[in-house]
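In case you want the letters, here they are:
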Amino acid sequence: MLKAVQKNATKGDPQSVISAIDHYCRNKEWAMNVGDDKGLILDSVLTEVNPSAALELGTYCGYSTVRIARLLSPGSKLITVEFNPAFAAVARQIIAYAGLQDKVTLVEGPSGDLIPKLRERFGVKSFDFVFLDHWKDRYLLDTKLLEDCGLLQKGTVLLADNVICPGTPEYLKYVRSSPRYESRYYKSNLEYTKLEDGLEKSVFLG
Ligand SMILES: CCCNc1ncnc2c1ncn2[C@@H]1O[C@H](/C=C/CNC(=O)c2cc(-c3ccc(F)cc3)cc(O)c2O)[C@@H](O)[C@H]1O
Ligand SMILES: [Mg+2]
């Protein structure tokens, strides 16, 4: 994937990096990026929220990191969390190739350990936007951790990938039944396939 970006994308042009990855993953080797179909929904939710402090759980190779960071207003920041050093190393190169390294802080380590440290380490008061795309059985645990650490404020938008495929049943049940969230499902398809998948947008009501 990194070679495809270096070969086919233009340095400093995030859209060309996104297109190079999508072309590679559609035609050569499938990968678990949020992809172009769900990516358009991510783009529209991001543009609507226009976050000054965004968090991503599960950087993987940085595809959604680039999608998010390219739409941030000047001065806004994205913190992305990745615990696999090999993936983190690829992501850093892809983020840098897109010229977005000044907007992105990639933190290596498990989300469960890092979330409680984000305030003291990065001076984050709270997040306006959180993209969940890491292990599907950790979405709920980490959402509760974000609540307990006071990192969500009234109006914070959580956007969760893969709520249908592979699926995040307990997370969905929680955000859809809790009075503290206003939740909505955006139907789409699993990246680079015709299978159904979708994003769940949940607004924290405080
Ligand atoms: C300690 C574990 C929880 N905390 C964590 N903290 C930091 N990084 C974490 C992480 N969990 C996982 N990660 C990282 O996120 C990434 C994991 C993503 C998991 N995603 C999926 O499994 C996934 C899987 C599919 C998929 C769908 C259909 C199919 F047939 C096969 C796969 C599609 C997707 O869009 C997906 O996102 C990796 O880079 C991993 O190293
Ligand atoms: Mg995903």
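Structural data are supplied above this passage.
Below you will find a few notes about this structure. (Residues numbered from 1 in each chain as written. Chains lettered and ligands numbered in written order. Predicted model: local features only at pLDDT ≥ 70, side-chain atom pairs only at ≥ 80, totals over all residues. Heavy atoms only, no water.)

### A few points about the overall build of the chain
Then step 1. In terms of helices and strands, the chain carries 10 helices and seven strands.
Then step 2. Against the compact-globule benchmark of 17 Å for 206 residues, the chain has a radius of gyration of 16 Å, which places it among compact chains.
Then step 3. Counting only C-alpha atoms and orienting by the principal axes, one finds that the chain spans roughly 50 × 40 × 30 Å.
Then step 4. For the chain, the computed accessible surface area is about 9300 Å², with 56% contributed by carbon and sulfur atoms.
Then step 5. Of the side chains in the chain, 26 bear a positive and 26 a negative charge, and the two mean positions are spaced by 2 Å. (Helix = DSSP H or I, 4+ residues; strand = E, 2+ residues; numbered from the N terminus. Rg over C-alpha atoms; globule rule 2.2 N^0.38 Å. Areas by Shrake-Rupley, 256 points an atom, 1.4 Å probe, with all protein chains shown as cover. Lys, Arg positive; Asp, Glu negative; His and termini not counted. Charge placed at Lys NZ, Arg CZ, Asp CG, Glu CD.)

### Section: a nonpolar patch on the surface
Then step 1. Side chains of Trp30, Met32, Phe83 and Trp135 sit close together on the surface and give an oily, nonpolar patch of about 460 Å² of accessible area.
Then step 2. Among the secondary structure elements, Trp30 is positioned in the loop between helix H2 (14-27) and helix H3 (35-49).
Then step 3. Note on Trp30: relative accessible area 44%, which makes it partly exposed. (Patch = residues over 30% accessible without salt bridge, like charges linked within 9 Å, V, L, I, M, F, W, Y side chains within 5 Å. Salt bridge = Lys/Arg side-chain N within 4 Å of Asp/Glu carboxyl O. Buried < 20%, exposed > 50% of the residue type's maximum accessible area, 1.4 Å probe, protein only.)

### Some remarks on the layout of surface pockets
Then step 1. Its volume calculated, the largest pocket comes out at about 460 Å³.
Then step 2. Gly58, Phe83, Asp133, His134 and Trp135 are, among the 25 residues lining the largest pocket, the residues nearest its centre.
Then step 3. Class assignment of the residues belonging to the lining of the largest pocket gives a composition of 12 nonpolar, seven polar and six charged. (1 Å grid on protein atoms, 1.4 Å probe; cavity = no way out; pocket = protein on both sides within 12 Å on 5 of 7 lines; lining within 4 Å. Points joined across faces, edges and corners; volume = space filled by probe spheres on them. Nonpolar A, V, L, I, M, F, W, Y, C, P; charged D, E, K, R; others polar.)

### Focus on the coordination of the magnesium ion (ligand 2)
Then step 1. Bound to the magnesium ion (ligand 2) on the protein side are Asp133 (OD), Asp161 (OD) and Asn162 (OD1), at distances that span 2.0 to 2.2 Å.
Then step 2. Mapped onto the polypeptide sequence, the residues donating to the magnesium ion (ligand 2) form the spacing pattern D-x27-D-N.
Then step 3. Under the relative-accessibility criterion, Asp161 is labelled buried at 0%. (Donors = N, O, S within 2.8 Å, 3.2 Å for Na, K, Ca; no water.)

### A few points about the nonpolar core
Then step 1. Ranked by size, the top nonpolar core spans 41 residues in total, and within it Val17, Ile21, Leu42, Ile68, Ile94, Phe129 and Phe131 carry the most contacts.
Then step 2. Ignoring any residue separated from it by four or fewer positions in sequence, one finds Leu42 in contact with Val34, Ser64, Arg67, Ile68, Phe129, Phe131, Leu159 and Leu199. (Core = buried A, V, L, I, M, F, W, Y, C linked by side-chain atoms within 4.5 Å. Contact = heavy atoms within 4.5 Å.)

### Digging into the site of ligand 1
Then step 1. Around ligand 1, the surrounding shell holds 23 residues, and the nearest of these are Glu82, Asp133, Lys136, Asn162 and Glu191.
Then step 2. Protein contact buries 83% of the 820 Å² of open area that ligand 1 shows by itself.
Then step 3. The pocket occupied by ligand 1, as judged from atoms lying within 2 Å of grid points, is the largest pocket.
Then step 4. When its residues are assigned to classes, the shell around ligand 1 shows 11 nonpolar, six polar and six charged. (Near = heavy atom within 4 Å. Sits in = over half its atoms within 2 Å of the grid points.)

### Re the pairing of strand S4 (residues 127-132)
Then step 1. In terms of burial, S4 is largely enclosed, as six of its six residues are buried.
Then step 2. When strand S1 (residues 53-57) meets S4, the two strands line up parallel, connected through four bridges. Its bridge partner lying in S4, Ala54 is registered against Phe129.
Then step 3. Here five bridges tie S4 to strand S5 (residues 152-160), and the two strands are oriented parallel to one another. Looking across to S5, one finds that Phe127 is bridged to Leu152.
Then step 4. Remark: the S4/helix H8 (residues 139-148)/S5 crossover connection has right-handed handedness. (Pairing = 2+ DSSP bridges. Right-handed = clockwise from strand over helix to strand, strands pointing away.)

### What about the environment of Pro14?
Then step 1. Tracing the sequence through the fold places Pro14 in helix H2.
Then step 2. C-alpha of Pro14 to C-alpha of Arg67: the two residues are 53 residues apart in sequence and 7.6 Å apart in space.
Then step 3. Beyond its immediate stretch of four places on either side in the chain, Pro14 contacts Val66, Arg70, Ala98 and Leu100.

### Comments concerning empty space enclosed by the protein
Then step 1. Scanning the model with the defined rule gives one cavity of 30 Å³ or more in all.
Then step 2. Lining the largest cavity are Met32, Asn33, Val34, Gly58, Thr59, Tyr60, Gly62, Tyr63, Ser64 and Asp133.
Then step 3. Of the residues belonging to the lining of the largest cavity, the class tally is four nonpolar, five polar and one charged.

### Let's talk about helix H10 (residues 169-177)
Then step 1. Within the span of H10, buried status applies to Tyr171, Leu172, Tyr174 and Val175. Relative to the axis of H10, the buried residues are bounded by an arc of 165° and lie together on one face. Of the exposed residues in H10, those oriented more than 90 degrees away from the buried face are Pro169, Lys173 and Ser177.
Then step 2. Buried residues belonging to H10 abut S4, H8, S5, helix H9 (163-167), strand S6 (181-189) and strand S7 (196-204). (Arc of directions from axis to C-beta.)

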